[in-house]
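The primary structure of each chain is shown beneath.
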Amino acid sequence: MTDDVRNIVLGVIAAAISAAIGWLARTYLWRRRLRRKQAFFGLPGNSECLLVVNRDAGGNGAVHRYDVFALLELSALIKDCRAHAQIISHDVAQQGFGERTEFCVGGPGSNRRMAAHLHSLLPGVRVNTDPEPGPERGAFQIGSERYLADKGVSEYVLLARLTAGQDTRPVFLFCGQQAITNQAASRYLSRNYEKLHRKHGNGTFCLLLKVVNSQAYGPDVVEQVADVTRAAQAPLPAAPRTSHRATG
């Protein structure tokens, strides 16, 4: 074997080894990222979860189109975790929580399951479910604070990850003042779960988000107003101290 042939062979071997090491490193990082994502969402491979669907508050029995978009966002996330989803209506979801990850979409006025979760898991939260139009419609009371919506300009939504214990699967809540805010919260979770995992780990949190100018920007412009976990889990005070109207 001549020196030129030897150099070519050694070069090919070195390139193959480098490619193999690079592939192994990328595979390791991808698998580690997948495991973290699965742990955060409580979705190990081939597991099952629940997508709890609300009904349009207009009373026609249909699912609002923005809530359908929220379910599509969550379905893509579930697929990325290599898990499977079962879609059920809020009025037939008569089971406990903790055995399977649950994604519950919609406010308590159109989602009985959400109303039950707020009552049991977030007793410091009240939502005005009065169907009559008015400035208080859909208002949030969280602890001693009230948050009013300005429809189409800026509205609030709660995004929560809740667990009943260390070894139980989480419940994710998307509780908005308008249907489009539910989609905004699901998109915010999909885009920011890594940041949320770094900050909160696999524990409980409840975030108050504001959706800005949805009539122009849809569900894309979202700001985190506050981490309201402590106030949302504490008993509700007798009367609110402060009211906030969402402003862009």
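First, a word on scope: everything that follows refers to the structure included in this document. (Residues numbered from 1 in each chain as written. Predicted model: local features only at pLDDT ≥ 70, side-chain atom pairs only at ≥ 80, totals over all residues. Heavy atoms only, no water.)

## A short note on the pattern of salt bridges
Here the structure, examined in full by the defined rule, presents 9 salt bridges. With a closest N to O distance of 2.3 Å, Glu136 and Arg146 form a salt bridge. Of this pair, Glu136 sits in the loop between β4 (125–127) and β5 (140–142) while Arg146 sits in strand β6 (residues 145–148), and the two are 10 residues apart along the sequence. The class for Glu136 is partly exposed, based on a relative accessible area of 33%. Note that Arg187 and Asp220 form a salt bridge whose closest N and O atoms lie 2.4 Å from each other. Linking Arg187 in helix α4 (residues 179–200) with Asp220 in the loop between α5 (214–217) and β10 (222–227), this pair joins segments that are 33 residues apart in sequence. Of the residues examined, Arg187 reaches a relative accessible area of 17% and is grouped as buried. Members of the salt-bridge network, linked through shared partners, are Glu73, Arg187, Arg191 and Asp220. (Salt bridge = Lys/Arg side-chain N within 4 Å of Asp/Glu carboxyl O. Helix = DSSP H or I, 4+ residues; strand = E, 2+ residues; numbered from the N terminus. Buried < 20%, exposed > 50% of the residue type's maximum accessible area, 1.4 Å probe, protein only.)

## Focus on the pairing of strand β7 (residues 154–162)
Counting buried positions over the 9 residues of β7 gives 9, a clear majority of the element. Taking every second residue as pointing to the same face, both faces of β7 are buried, with Ser154, Tyr156, Leu158, Ala160 and Leu162 on one and Glu155, Val157, Leu159 and Arg161 on the other. Across 6 bridges, the pairing between β7 and strand β8 (residues 171–176) is antiparallel. Among the inter-strand pairings, Leu158 is bridged to a residue of β8, identified as Cys175. (Pairing = 2+ DSSP bridges.)

## Thoughts on the environment of Gln178
Relative to the helices and strands, Gln178 resides in the loop between β8 and α4. Judged by its relative accessible area of 27%, Gln178 falls in the partly exposed class. Residues Gln178 and Gly138, spaced 40 residues apart in sequence, show a C-alpha to C-alpha distance of 8.0 Å. Setting aside residues no more than four positions away along its own chain, Gln178 makes contact with Lys151 and Glu155. (Contact = heavy atoms within 4.5 Å.)

Everything listed here is a matter of coordinates, which is why it stays silent on function.
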